[in-house]
Protein chains: 2
Amino acid sequence: VSVKLTARVLPRGFRYAGMHCGIKKSARFDLGWIVADAPCAAAGVFTTNRIKAAPVVLSQAHVRRAASRMRAVVVNSGNANCATGPDGMQASRSTAAAAARLLGCQPEQILICSTGVIGVPLPVDRIVGALPRLLPQLARDPSSYESLAKSILTTDTQVKCAAANCRIGGHTVRLLGCAKGSGMIHPQMATMLAFVTTDAAVPAGILQRALREVTARTFNVITVDGDTSTNDTVLAFASGASGAPTVRGASGSAYRGFVAALETVCRDLALAIVEDGEGASHLVEIQVRGAASDSDANRIATTIAHSPLVKTAVAGADPNWGRILAAAGRSGAKLDPDRVEVWFGGVRMYGRPRGGGASRPLPFDEVDAHQRLLAKRVGIAVDLQKGRGQARAWTCDFTARYIEINASYRT
Amino acid sequence: VSVKLTARVLPRGFRYAGMHCGIKKSARFDLGWIVADAPCAAAGVFTTNRIKAAPVVLSQAHVRRAASRMRAVVVNSGNANCATGPDGMQASRSTAAAAARLLGCQPEQILICSTGVIGVPLPVDRIVGALPRLLPQLARDPSSYESLAKSILTTDTQVKCAAANCRIGGHTVRLLGCAKGSGMIHPQMATMLAFVTTDAAVPAGILQRALREVTARTFNVITVDGDTSTNDTVLAFASGASGAPTVRGASGSAYRGFVAALETVCRDLALAIVEDGEGASHLVEIQVRGAASDSDANRIATTIAHSPLVKTAVAGADPNWGRILAAAGRSGAKLDPDRVEVWFGGVRMYGRPRGGGASRPLPFDEVDAHQRLLAKRVGIAVDLQKGRGQARAWTCDFTARYIEINASYRT
């Protein structure tokens, strides 16, 4: 999924940097910075968890006040700065103030993100002390972007970047995103951290609408373990530096083209997160169609995506399709057991027989099905034969490695 | 948790038997039978999954029609007879008809339960062929009851039985239950299979009310993996053979005493299921208090109980209390982050400091906390300091063994 980082994919109007400032014990990067050359439009979608990390609370306030003149986002990994009491909020404020001083702007023009362990005081002095050293490293080049993308990782095993282009008014605009996330990943809110920069000219209100729309179809329909993070944040920044005309309404072809490109970036990042899910060895795509409504289809797709029994069956390449049907049945969506059809690994395993009549188990070749489920990408499809509702969701399989990673996360 | 099976704990008016009839490949027992000496009162709570196994559909209809004159339940393990099409319903009907012929009653006086793999045709001829051989083995003695309790197991590693007594009108009445369940266990419905017999005299309507009330506080607040089975069934049978007077209203002390005894049996069985959860090495009790309402407390308790991150932290004895707080935050319940308090393994790890002010991480001894979390039973408590709502839930930890068991369940 990851894009090759070249000078061509970098949107104009932004500089990037990443470094090790001392939050992580190892020498891995833990501090990143995206800076807009001039005040730009910004949009954000944040966690729905009622326990919100201090940087989430602060960034939400800053987006509300300064969405049209944002300058930067400072992000650290290795510490979520969540459930850290009043000191935690002070730490996020100090970071914003320090970055604003260095860039010559107001603190509310700075967004803050943190990711890592919950409930441990953030050593904010290391961040504030490192920013002056990070400032001269800011650049618009592939290696700087890669440093940024590295600086946000926690249990991720690889950097996650995605890019897309679209044409607006005869000009090419670029979109580039990076994301982190591997555990505590759950749909129905903005998931994990992701940053998208673009040189399209998109007013903040339109950018926010586009980001929300796209998030619902990408980040919000992935799951690794069903746990919603306290720090989930997706941010988008639009510099307008491409020279393309401004995207005005939310109905024209310019908007639709931009949304399609944004969706490409966000979907690629979302799939990269699932593919790198803690301990994952398979990416699973779930398609539901024929539901009474899109929301019913969504409920079924995400319930299947959450099912530990479906996820362990995929881990074992076991064509145990009954678990898929059982998950659909407990989703709360309307469903007629006599009409449902189930495909697993591309093989129709349950459905109405050719001669008609109620759905039933269909004969299939066990060895062939097992072989298909050994593929890196596994498809699950459910057709309710009831209405026109449809939805897609993505998940990874559930392996013993997930347990190993999470039984001793802090130690 | 399991009770010692002696002649003293066996309710009067019932006989039991279990055997191997050939559904499981190994020689393990797979067919059980409970027979009332005379028509008795019965009550049932069934799965809320919209995909219901054939025996669930049939038993629900039989309870509706014949709750006051039930004679028996026939149960098989090794095959759930679910998603098996029209043949599946025919198989359950044939079983009821065969048992009714042998007992000289109507088929609607027989309940049917099945548990095991989904979507595989039930070899019903083996059940129908075995019942005449099982009939002479029916007896009211501890070894017959143990045979029954064995015959319902699937991935369970041990037999689960629980007993209680209460006094009604100067008479002792006995309650005895057995259960199976180890995976596909999820609250908010009747979970797994459980059978309770009693020699109390309780009309079917009152018995149904008592069973529903008790299920909500026991079987419905446990979880192993969050997957709701298609075959979940809890049945209670009351013979009246104790000679105790009939429990008439649902408000008197006789009813309250009976409900308390029924709750003891159901809670012991529910905890036995969690303790024997697939791969489990710890039993976790979650207590929530100070919530705005009992339903808010319940939402938080069950969300914590479901969290794979909390469950893997317990597996690793890692005092990572931030995951508990994050789960509470995403539960949907009202919660003030500045007032919440969190205990893990009996240690207060997050809360308001002695001098006052907002909740924050509290210093604790890591080594001591790790030691406490190595105990077989681990407590989690959350106090919202908001209202008087409270709830309890139980779960087990999440270990690599769960994955092993479920990655190759059918093979």
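About the criteria used
- Residues numbered from 1 in each chain as written.
- Chains lettered and ligands numbered in written order.
- Predicted model: local features only at pLDDT ≥ 70, side-chain atom pairs only at ≥ 80, totals over all residues.
- Heavy atoms only, no water.
- Helix = DSSP H or I, 4+ residues; strand = E, 2+ residues; numbered from the N terminus.
- Rg over C-alpha atoms; globule rule 2.2 N^0.38 Å.
- Buried < 20%, exposed > 50% of the residue type's maximum accessible area, 1.4 Å probe, protein only.
- Contact = heavy atoms within 4.5 Å.
- Areas by Shrake-Rupley, 256 points an atom, 1.4 Å probe, with all protein chains shown as cover.
- Lys, Arg positive; Asp, Glu negative; His and termini not counted.
- Charge placed at Lys NZ, Arg CZ, Asp CG, Glu CD.
- Salt bridge = Lys/Arg side-chain N within 4 Å of Asp/Glu carboxyl O.
- Pairing = 2+ DSSP bridges.
- Least-squares fit on C-alpha atoms with pLDDT ≥ 70 in both.
- Patch = residues over 30% accessible without salt bridge, like charges linked within 9 Å, V, L, I, M, F, W, Y side chains within 5 Å.
- Core = buried A, V, L, I, M, F, W, Y, C linked by side-chain atoms within 4.5 Å.
- Buried area = accessible area lost by both parts, 1.4 Å probe.
- Polar contact = N/O pair within 3.5 Å; in protein donor to acceptor, adjacent residues only side chain to side chain.
- Nonpolar A, V, L, I, M, F, W, Y, C, P; charged D, E, K, R; others polar.
- Axes fitted to C-alpha atoms, helices over the stretch in contact; angles between N-to-C directions.
- Parallel < 35°, antiparallel > 145°, perpendicular 65-115°, else oblique.
- Left-handed = near helix turned anticlockwise from the far one by under 90°.
- pLDDT = per-residue confidence, 0-100.
- Phe/Tyr/Trp six-rings, centres within 6.5 Å; stacked < 30°, edge-to-face > 60°.
- Lys NZ or Arg CZ within 6 Å of the ring centre and 35° of its normal.

Q: Got a sec to walk through the overall build of chain A? Specific residues and values, please.
A: The helix and strand tally for chain A stands at 11 helices and 15 strands. Relative to the globule expectation of 22 Å for 411 residues, the C-alpha radius of gyration of chain A, 22 Å, shows essentially globular dimensions. If you line up chain A on its principal axes, its C-alpha atoms span 75 × 55 × 35 Å. Taking all 411 residues of chain A together, the buried fraction comes to 62%. Put simply, of all contacts in chain A between residues at least 6 apart along the chain, 81% involve residues at least 24 apart. Summing over all exposed atoms, chain A offers an accessible surface of approximately 14100 Å²; the carbon and sulfur share of this is 49%. Charge centroids of chain A, computed over 48 positive and 31 negative side chains, lie 6 Å from each other.

Q: Talk me through the pattern of salt bridges; I want residue IDs and the actual numbers.
A: All names here are of chain A. Enumeration over the complete set of coordinates arrives at 24 salt bridges over all chains. Note that lysine 160 and aspartate 276 form a salt bridge whose closest N and O atoms lie 2.7 Å from each other. Here lysine 160 is found in strand E5 (residues 160-168), whereas its partner aspartate 276 is found in the loop between helix H6 (253-275) and strand E10 (283-291), with 116 residues between them in sequence. Residue classification places lysine 160 among the buried residues on the basis of a relative accessible area of 0%. Aspartate 276 sits in the buried class, given a relative accessible area of 6%.

Q: Describe the pairing of strand E15 (residues 389-396) of chain B, naming the residues involved and giving the relevant values.
A: All names here are of chain B. Of all eight residues in E15, six are buried, a share of seventy percent or more. Pairing geometry for strand E8 (residues 222-223) and E15, over two bridges, is parallel. Across the sheet, the residue bridging to isoleucine 222 is tryptophan 394, located in E15. Relative to E15, strand E10 (residues 283-291) runs antiparallel, the two sharing seven bridges. Counted as the bridge partner of valine 288 is alanine 391 from E15.

Q: Describe the relation of the copies chain A and chain B, with residues and values.
A: Both copies of the chain are related by a screw-like operation: a rotation about an axis and a shift along it. Rotating chain A by 180 degrees and translating it 0.0 Å along the rotation axis places it on chain B, where the RMSD comes to 0.1 Å. As the rotation angle and translation indicate, the two copies are arranged about a two-fold axis. Looking at the rotation axis and the C-alpha trace of chain A, the residue lying nearest is A:Ala400, at 2.2 Å.

Q: Let's hear about the environment of B:Arg12: which residues, and what values?
A: All names here are of chain B. Within the fold, arginine 12 resides in the segment before strand E1 (14-19). When its relative accessible area of 39% is taken as the criterion, arginine 12 is described as partly exposed. It is 37 Å that separates the C-alpha atoms of arginine 12 and glutamine 287, two residues lying 275 residues apart in sequence. Excluding residues within four positions of it along the chain, arginine 12 makes contact with Arg140, Arg174, Asp199, Ser239, Ala241 and Ser242.

Q: Describe a positive patch on the surface, with residues and values.
A: A cluster of basic side chains, namely A:Arg50, B:Lys334, B:Arg339 and B:Lys386, defines a positive patch on the protein surface. Structurally, B:Lys386 is set in the loop between strand E14 (377-383) and E15.

Q: Residues and numbers for the nonpolar core, please.
A: By size, the foremost hydrophobic cluster in this structure holds 232 residues, and its most contacted members are A:Phe195 and B:Phe195. Other than its neighbours up to four places away in sequence, B:Phe195 contacts B:Ile34, B:Val73, B:Val75, B:Cys113, B:Tyr145, B:Ile152, B:Leu176, B:Gly177, B:Cys178 and B:Leu235.

Q: Before we move on, can you summarise the interface of chain A and chain B with the specific residues and values?
A: In this assembly, 54 residues from chain A lie in contact with 54 residues from chain B. Together chain A and chain B conceal approximately 4500 Å² of surface at their shared face, both sides included; 60% is due to carbon and sulfur atoms. Counting the contacts that link chain A with chain B gives zero residue pairs in polar contact (both at pLDDT 80 or more). Of all elements in the fold, only helix H2 (85-103), helix H8 (308-315), helix H9 (322-329), strand E13 (360-361) and helix H11 (400-407) of chain A reach the threshold of two or more residues within the side of chain A that touches chain B. Here the residues of the side of chain A that touches chain B sort into 25 nonpolar, 19 polar and 10 charged.

Q: Lay out the sheet that holds E14(B) in plain terms, naming residues and giving numbers.
A: Residues and elements named next belong to chain B. On the basis of which strands lie adjacent, the open sheet formed by seven strands has the order E8-E15-E10-E14-E11-E12-E13 and mixed pairing. Every interior strand has two partners, whereas the edge strands, E8 and strand E13 (360-361), have only one. Packed on one face of the sheet, helix H6 (residues 253-275) meets E8, E10, E14 and E15 and runs near 45 degrees to E15.

Q: Summarise the sheet that holds E13(A); cite the residues concerned and give the values.
A: Residues and elements named next belong to chain A. Across the sheet, which stays open at both edges, the seven strands sit in the order E8-E15-E10-E14-E11-E12-E13 with mixed pairing between neighbours. For this open sheet the edge positions go to strand E8 (222-223) and E13, each flanked by a neighbour on one side alone. Here strand E12 (residues 347-351) runs beside E13; their pairing, made up of two bridges, is antiparallel. What sits directly across from glycine 351, in E13, is arginine 360. Docked against the sheet, H9 engages strand E11 (341-344), E12 and strand E14 (377-383), running at close to 130 degrees with respect to E11.

Q: Break down the packing of helix H5 (residues 204-217) of chain B against H6(B) for me, with residues and values.
A: Residue and element names in this part refer to chain B. Put simply, H5 and H6 touch, their axes get as near as 9 Å, and they point 45 degrees apart. With respect to H6, the axis of H5 lies oblique. Note on packing geometry: the crossing formed by H5 with H6 is right-handed. Facing H5, whose interface residues are Ile206, Leu207, Arg209, Ala210, Leu211, Glu213, Val214 and Arg217, H6 presents Tyr255, Phe258, Val259, Leu262, Glu263 and Cys266. Split into classes, the residues belonging to the contact of H5 with H6 amount to 10 nonpolar, no polar and four charged.

Q: I'd like a description of unusual backbone geometry, backed by residues and values.
A: Although it is not a glycine, A:Ala83 sits at a positive phi angle of roughly 55 degrees. Here A:Ala83 shows up in the loop between strand E3 (70-79) and H2. A positive phi angle, near 45 degrees, is found at B:Asn81, a position not held by glycine. Secondary-structure assignment places B:Asn81 in the loop between strand E3 (70-79) and helix H2 (85-103).

Q: Kindly report on the pairing of strand E2 (residues 31-46) of chain B, identifying the contributing residues and their values.
A: Residue and element names in this part refer to chain B. Of all 16 residues in E2, 13 are buried; the element is thus mostly enclosed. One ladder, built from six bridges, connects E2 with E3; its direction is antiparallel. Each bridged residue has a counterpart across the sheet, and for tryptophan 33 the counterpart in E3 is valine 74. Note: E2 against strand E9 (residues 233-238), six bridges, orientation antiparallel. Note that in E9 the partner of alanine 41 across the bridge is alanine 238.

Q: Help me get a handle on the confidence of the model for chain A, residues and values and all.
A: Parts of the prediction with low pLDDT should not have their coordinates interpreted in detail. Mean pLDDT over chain A stands at 88; residues scoring 70 or higher make up 95%. Within the model, the stretch residues 187-191 of chain A combines pLDDT values under 50 with 29 contacts to residues more than four positions away or in other chains.

Q: Lay out the packing of aromatic side chains with the relevant residues and their values.
A: For the coordinates displayed, the defined rule picks out five aromatic pairs over all chains. An angle of 80 degrees between the planes, with centres 4.6 Å apart, marks the rings of A:Tyr16 and A:Tyr145 as edge-to-face. Here A:Tyr16, found in strand E1 (residues 14-19), pairs with A:Tyr145, found in helix H4 (residues 142-151); they are 129 residues apart in sequence, far enough to count as distant. The same class applies to A:Tyr16 as to A:Tyr145, namely buried. Stacked on the ring of A:Trp343, the Lys or Arg A:Arg289 has its end atom at 5.2 Å from the ring centre. Its guanidinium or amino end placed over the ring of B:Phe398, B:Lys311 lies 5.4 Å from that ring's centre, counting from NZ or CZ.

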